[in-house]
Amino acid sequence: MILKWALVYRVCVCVCVCRYLQDVFDVPLVVQMTDDEKFLWKDLTVEDAHRLARENAKDIIACGFDVQKTFIFSDMEYMR
């Protein structure tokens, strides 16, 4: 499994554990992309925060989660 450098190691471990649990227990998974926090606390523009969230979501999708049982959402998009 090759991930981009933007997804840090500790997050990668959590993602792999979540994938394992989804596979073993055949359960749905909800992933919250906290782009609103990146915008508020990391001095980024809204566009940059949203772009980073999309890149991270792509990295998470690449880990092989079950598409039918995985819901990934962006805080800023979902609140609209």
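Residues numbered from 1 in each chain as written. Predicted model: local features only at pLDDT ≥ 70, side-chain atom pairs only at ≥ 80, totals over all residues. Heavy atoms only, no water.

Considering the overall build of the protein chain
Right, so step 1: Helices and strands together make up the secondary structure of the protein chain, namely four helices and two strands.
Right, so step 2: Moving toward the C terminus, one meets the helices and strands of the protein chain in the order α-β-α-α-β-α.
Right, so step 3: Counting the 80 residues in the protein chain, one finds 29% classified as buried.
Right, so step 4: Taking as baseline every contact in the protein chain between residues at least 6 positions apart, the subset at least 24 positions apart corresponds to 70%.
Right, so step 5: With an accessible surface of roughly 6100 Å², the protein chain has 62% of that area assigned to carbon and sulfur atoms. (Helix = DSSP H or I, 4+ residues; strand = E, 2+ residues; numbered from the N terminus. Buried < 20%, exposed > 50% of the residue type's maximum accessible area, 1.4 Å probe, protein only. Contact = heavy atoms within 4.5 Å. Areas by Shrake-Rupley, 256 points an atom, 1.4 Å probe, with all protein chains shown as cover.)

Let's talk about the nonpolar core
Right, so step 1: Among the nonpolar cores identified, the biggest contains nine residues, and these are Val15, Leu29, Val31, Met33, Ala53, Ala57, Ile60, Cys63 and Phe65.
Right, so step 2: Excluding its chain neighbours within four sequence positions, the residues that come into contact with alanine 57 are Met33 and Ile72. (Core = buried A, V, L, I, M, F, W, Y, C linked by side-chain atoms within 4.5 Å.)

Section: the packing of aromatic side chains
Right, so step 1: Considering all chains together, one arrives at three aromatic pairs under this definition.
Right, so step 2: Their ring planes at 20° and their centres at 5.6 Å tell us that phenylalanine 71 and phenylalanine 73 sit as a pair that is stacked.
Right, so step 3: Of the residues examined, phenylalanine 71 reaches a relative accessible area of 38% and is grouped as partly exposed.
Right, so step 4: Ring geometry for phenylalanine 73 versus tyrosine 78: centroids 5.1 Å apart, planes at 50°, classification tilted.
Right, so step 5: Within the aromatic cluster, the residues linked to one another by ring pairs are Phe71, Phe73 and Tyr78. (Phe/Tyr/Trp six-rings, centres within 6.5 Å; stacked < 30°, edge-to-face > 60°.)

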